[in-house]
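Survey of secondary and tertiary structure
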Amino acid sequence: MITYLQDHFQQTVERFYTHAWLAVLPLVIGLVLAIPLGWLASRYRRVYPGVINLAGLLYTLPSVALFVIMPSIIHTKILSPINVVVALTIYTVALMVRVIADALIAVPAEVRSAAVAMGFTGPGRFLRVDLPIAVPVIVAGLRVAAASNVGLVSVGALIGVDQLGSLFTEGFTLFVGSIVLLGILLCVLLALILDTTIVLIGRRLTTWQRAVA
Amino acid sequence: MGVIWNYLGDPAHWSGSDGVPARVLEHLEYTFLALAFVCLIALPLGLYVGHTGRGSVAIAGTANALRALPDFGLLVYVVLLISGRLPASLAYLLPSVLVLVILGVPAALSATYAGIQAVDPAARDAARGMGMTGSQVLWRVEVPNALPLMLSGIRSSMLQIVATATIAAYVSLGGLGRFILDGQSQRDYSQMAAGAVLVGVLAILLDLIVAGIQRLVVSPGVTGRFRTAGPGRRPSLVTSSQEGSVVQTT
Amino acid sequence: MIKFDSVVKRYPDGTTAVDGLDLIAPSGQITVLVGPSGCGKTTSLRMVNRMVEPTSGTVWLDDRDTASVPAAELRRGIGYVIQQAGLFPHRTIVDNIATVPLLLGWDKRKAKQRALELMERVGLPTDLARRYPAQLSGGQQQRVGVARALAADPPVMLMDEPFSAVDPVVRAELQNEFLRLQSELDKTILFVTHDIDEAVKLGDEVGVMRVGGRLAQLATPAELLADPVDDFVAGFVGRDRGYRSLGFRAAGDLPLVTEPTVRLGADRAEALRAARDGWVLAVDEDGRPQGWIDVRQLDAGTTVGPDLLHRGGTVAKEDDSLRAALDAALSAPSGRGVIAGDDGRLLGTITAREVVERIEAERSAGAPADTREPEPAAGSRE
């Protein structure tokens, strides 16, 4: 494994970075898209079942199926990493809409009333009161999504996208286990980095919890 | 979009050992085989940990840790590790199923454990106080009330297995992933797309079946699905949150 | 009979929950354990059915040592009611109630039959039988809990704050129904509450426990109110002890004065004729008191109508306690307390002074034997 790393250092680093942004970009876009959708579902109860069921449906689909079907929907080339990004964004949205909707619904009614009574209105209240309270749950969901995405990006090697997953295909073709192991370790490392980052951001946003603890 | 139907539209692709029905069957075989083992391992373990409370930290920790592993990588690695020592017929099947089981266990395990833990402590106390033995409390009170979460966990596991079984085609397994991989090496996008669609449909169908089982097996008193409404809680949100795929946010 | 014999419960971290409890809960009676948080009352209760095992000492059920019987078997012979009811969400009401009989091996039909009977007994409409606990209100759930505990007809019942989780109106109803049930069933009941008023209302005997698990005083409610053994018990029992203890003394035959009345719908002239000190009592056609009329509020030409009624005065029944009679007199706007018969018909009135004179007379004569009266306040006021 060490020799492989020495010989292919530059390539491995590049693959690491590609893997990283292929995993993170859908997380960010997915989160941004999921917040308004989740808010809609939490605010308008009639919309909730429809949105949640659709999200559930999309989440049920195996990601590799999404990767493969993407080109015919958005007319990209088969080998394009865009397929991976779009597919994983859909996946992240499907997961996070539910988490965000439930987190917002769980904001205690008394807190909302108090905020309104104090003069917080509309988007201000949402950003300054509801969302911060929902942060811990959203963070938990995001951690699941992040770990998930790191694993799923590696599947992209099957459709020819070059990232850490390519270490798996190379290792398999050459029948060299240690290359595969390297890939696994780097994936776990990336997953840990993302996980820790998310937790730290979450902590920054919820300083009140630490004060209580 | 029409390109997808090219492959499926050709009747030749629906017969023979590499035809659609055969591959679907193979995929189902792998899925049910792995799911059976997952249930055999995760359910008793989850029930034990939930009922006695011992080992909960270890369980939660391992479940979380396993989530960080890349499925594809694990699959390839285990196959490389073991396949050499196995007879040819099992060489790829055994390690693949092994990985499918390893990847499927966390979801079912944490859901079972969480389900038992979530049972109303007052109901548990009352059950013991009325004279039920430990195992009576478990089977007559805890399990029926834990069913929604347990079944959600099994559902998540199942979907995880279906997805990974698709990828397992890369390590020479059969199943619907074959269409995707063969399609790619043959530069036949239509075949790839057909495989993708079939896998998607299969996943959705299996999910609906388990959802149906859930509805049949779980007591209405637990899901909140009442035919006559009472002064109790509103049914709608309770059912969606308990029947939908549970996010393992432990 | 339940007997605690030097029972101690000490936890591994050193806290003593129960410190040498000696207590007898007589058969066929309600014994209430009451005290502040941390006094060990719930722990003591739970040692009877071995949900908590004593560190030392013995708990006897009649002549059997509870430790000598397998726990599950012991519990099937004891009714157990807890604060949050603990109903099984996944079973229907009727199945919940039939739980212990089925555990004991009764025939299914017989068990179900019994469950339906009990539903009626505890005041639940039988059309709720197939519902699930989540569909019932808090008060209804508590009744199911009681029915469930009674199902196998255990001679002994353990009740841990069963009525604390519902609102006061429902609680009073449940307490009254419980007393009615007990008068029919005569079970040996050990009841735990943190509410001294509930203890005094329900208990045949009340045991006050202090923090640290020691019994401070065991006495009848009347004795407890009249003679608290130390400052702690006195403080716990609370103020208004003298007034409250009047609730345990029968009014006997008080010197009632006939009260002129006026029918609803009568005219002003009649009302003026009947009035004394500016007040007249209005009754319906059956002679049941409806309220007081202030004749100064009767303008010329108006009749005695329901909108003019002052309903502030309570009505005491002739067999009620001194407390009820005194309250009737104090609360009446005219100063004359209304006393009615069992059928609700007016018997006469009495003033507060006359009631107090009777109280003083009894005190100097040596008070008659305390008759235990259930607190009538909720019943007659509502």
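These figures come from a predicted structure and were not determined experimentally.

Quick word on the overall build of chain A
Looking only at helices and strands, one finds 10 helices and zero strands in chain A. The secondary structure elements of chain A, listed N-terminal to C-terminal, are α-α-α-α-α-α-α-α-α-α. Taken along its principal axes, the extent of the C-alpha atoms in chain A is 65 × 45 × 20 Å. The burial tally for chain A puts 45% of its 213 residues in the buried class.

Focus: the sheet that holds strand β12 (residues 279–283) of chain C
Sheets are built from strands paired through backbone hydrogen bonds, the pairs being either parallel or antiparallel. All names here are of chain C. An order of β11-β12-β13 is seen for the three strands of this open sheet, with the pairing classed as mixed. The strands lining the two open edges of the sheet, one partner per strand, are β11 (261–263) and β13 (289–294). On average, each strand axis in the sheet is tilted by 40° relative to the strand beside it, whichever way the strands run. Bridge analysis of β12 against β13 gives five bridges, and the strand direction is antiparallel. By the bridge assignment for β13, W279 is matched with D294.

Describing the interface of chain C and chain B
Across the boundary between the two partners, chain C contributes 26 residues, which contact 24 residues of chain B. Taken together, the residues that form the side of chain C that touches chain B break down as 14 nonpolar, seven polar and five charged.

Structural notes on the pairing of strand β3 (residues 30–34) of chain C
All names here are of chain C. Among the five residues that make up β3, five are buried, leaving the element largely enclosed by the rest of the structure. The side-chain alternation of β3 yields two buried faces, one formed by I30, V32 and V34 and the other by T31 and L33. Summarising the sheet, β3 and strand β9 (residues 205–210) pair through four bridges and their orientation is parallel. Bridged to L33 within β9 is G207.

Regarding the interface of chain A and chain B
Contact with chain A, which involves 43 residues of that partner, is made by 42 residues of chain B. Elements with a contribution of two residues or more to the side of chain A that touches chain B: α3 (47–60), α4 (63–74), α5 (81–105), α7 (122–155), α8 (165–174) and α9 (177–205) of chain A. The element that contributes the greatest number of residues to the side of chain A that touches chain B is α9 of chain A, accounting for nine residues. Its residues assigned to classes, the side of chain A that touches chain B comprises 30 nonpolar, 11 polar and two charged.

Concerning the sheet that holds strand β14 (residues 315–317) of chain C
All names here are of chain C. Read from one edge of the open sheet, three strands run β14-β15-β16, paired in mixed fashion. Edge positions in the open sheet fall to β14 and β16 (346–351), since each of these has one partner strand only. Pairwise comparison of adjacent strand axes, ignoring direction, gives a mean angle of 35° for this sheet. Pairing between β14 and strand β15 (residues 336–340): three bridges, direction parallel. Each residue of the ladder has a partner; that of V315, found in β15, is V338. Docked against the sheet, helix α13 (residues 322–331) engages β14, β15 and β16, running at close to 135° with respect to β15.

Focus: the arrangement of the chains
There are two pairs of chains in contact here, and the one with the most contacts is chains A and B. At the C-alpha level, the nearest point of chain A lies 20 Å from chain C, with no contact between them.

Some thoughts on the pairing of strand β8 (residues 188–193) of chain C
Every other side chain in a regular strand lies on the same face of the sheet, so the side chains alternate between the two faces. Residue and element names in this part refer to chain C. With six of six residues buried, β8 lies mostly within the body of the structure. Neither face of β8 is open: one carries T188, L190 and V192, the other I189, F191 and T193, and all of them are buried. As judged from the five bridges shared by β3 and β8, these two strands associate in the parallel manner. Pairing of I30 across the sheet is with I189, part of β8. Pairing of strand β7 (residues 156–160) with β8 involves five bridges; the strand directions are parallel. Note that in β8 the partner of M159 across the bridge is F191. Of the crossover connections in this fold, the one passing from β7 over helix α7 (residues 168–185) to the parallel β8 is right-handed.

Points about the nonpolar core
In terms of nonpolar packing, the biggest core is built from 209 residues, with V68, V97, I100 and V180 of chain A, V76 of chain B together with I97 of chain C touching the most fellow members. In this structure, V76 of chain B is in contact with F168, G171, F172 and V180 of chain A together with V171 of chain B, ignoring residues within four places of it in sequence. Residues V262, L281, A316 and L322 of chain C belong to the second largest nonpolar core, which totals 30 residues.

Some details on the confidence of the model for chain B
Residues and elements named next belong to chain B. Looking at chain B as a whole, its pLDDT mean stands at 82, while 89% of the residues score no less than 70. When the elements of chain B are averaged for pLDDT, helix α11 (residues 235–243) gives the smallest value, 34, and helix α6 (residues 121–129) the largest, 93. Considering only residues more than four positions removed or in separate chains, one finds that residues 232–250, a stretch of pLDDT under 50, has 53 contacts. Per the prediction output, this complex has pTM 0.78; the corresponding ipTM is 0.83.

A word on α6 of chain B
Those residues of α6 of chain B lying buried are A123, R124, A126, A127, R128 and G129 of chain B. Buried-residue contacts for α6 of chain B involve α7 (134–167) of chain B together with α2 (71–76) and β6 (78–81) of chain C. Following α6 of chain B by one or two positions, G131 of chain B adopts a phi angle in the positive range, close to 110°.

Some remarks on the packing of α3 of chain A against α5 of chain A
Residue and element names in this part refer to chain A. α5 packs onto α3 with a crossing angle of 145° between their chain directions and a minimal axis gap of 8 Å. The handedness of the crossing between α3 and α5 comes out as left-handed. Contacts between α3 and α5 involve Y48, V51, I52, A55, L58 and Y59 from the former and I90, Y91, A94, L95, V97, R98 and A101 from the latter. In terms of residue class, the contact of α3 with α5 is built from 12 nonpolar, no polar and one charged.

Here we look at the confidence of the model for chain A
Per-residue confidence for chain A averages 86 on the pLDDT scale, and 97% of its residues sit at or above 70. Averaged pLDDT values over the elements of chain A bottom out at 58 in helix α10 (residues 207–212) of chain A and peak at 90 in helix α2 (residues 9–43) of chain A.

Rules used in this analysis
- Residues numbered from 1 in each chain as written.
- Chains lettered and ligands numbered in written order.
- Predicted model: local features only at pLDDT ≥ 70, side-chain atom pairs only at ≥ 80, totals over all residues.
- Helix = DSSP H or I, 4+ residues; strand = E, 2+ residues; numbered from the N terminus.
- Buried ≥ 20, exposed ≤ 12 C-beta atoms within 10 Å, placed from the backbone.
- Pairing = 2+ DSSP bridges.
- Axes fitted to C-alpha atoms, helices over the stretch in contact; angles between N-to-C directions.
- Contact = placed C-beta atoms within 7 Å.
- Nonpolar A, V, L, I, M, F, W, Y, C, P; charged D, E, K, R; others polar.
- Right-handed = clockwise from strand over helix to strand, strands pointing away.
- Core = buried A, V, L, I, M, F, W, Y, C linked by C-beta atoms within 7 Å.
- pLDDT = per-residue confidence, 0-100.
- Left-handed = near helix turned anticlockwise from the far one by under 90°.

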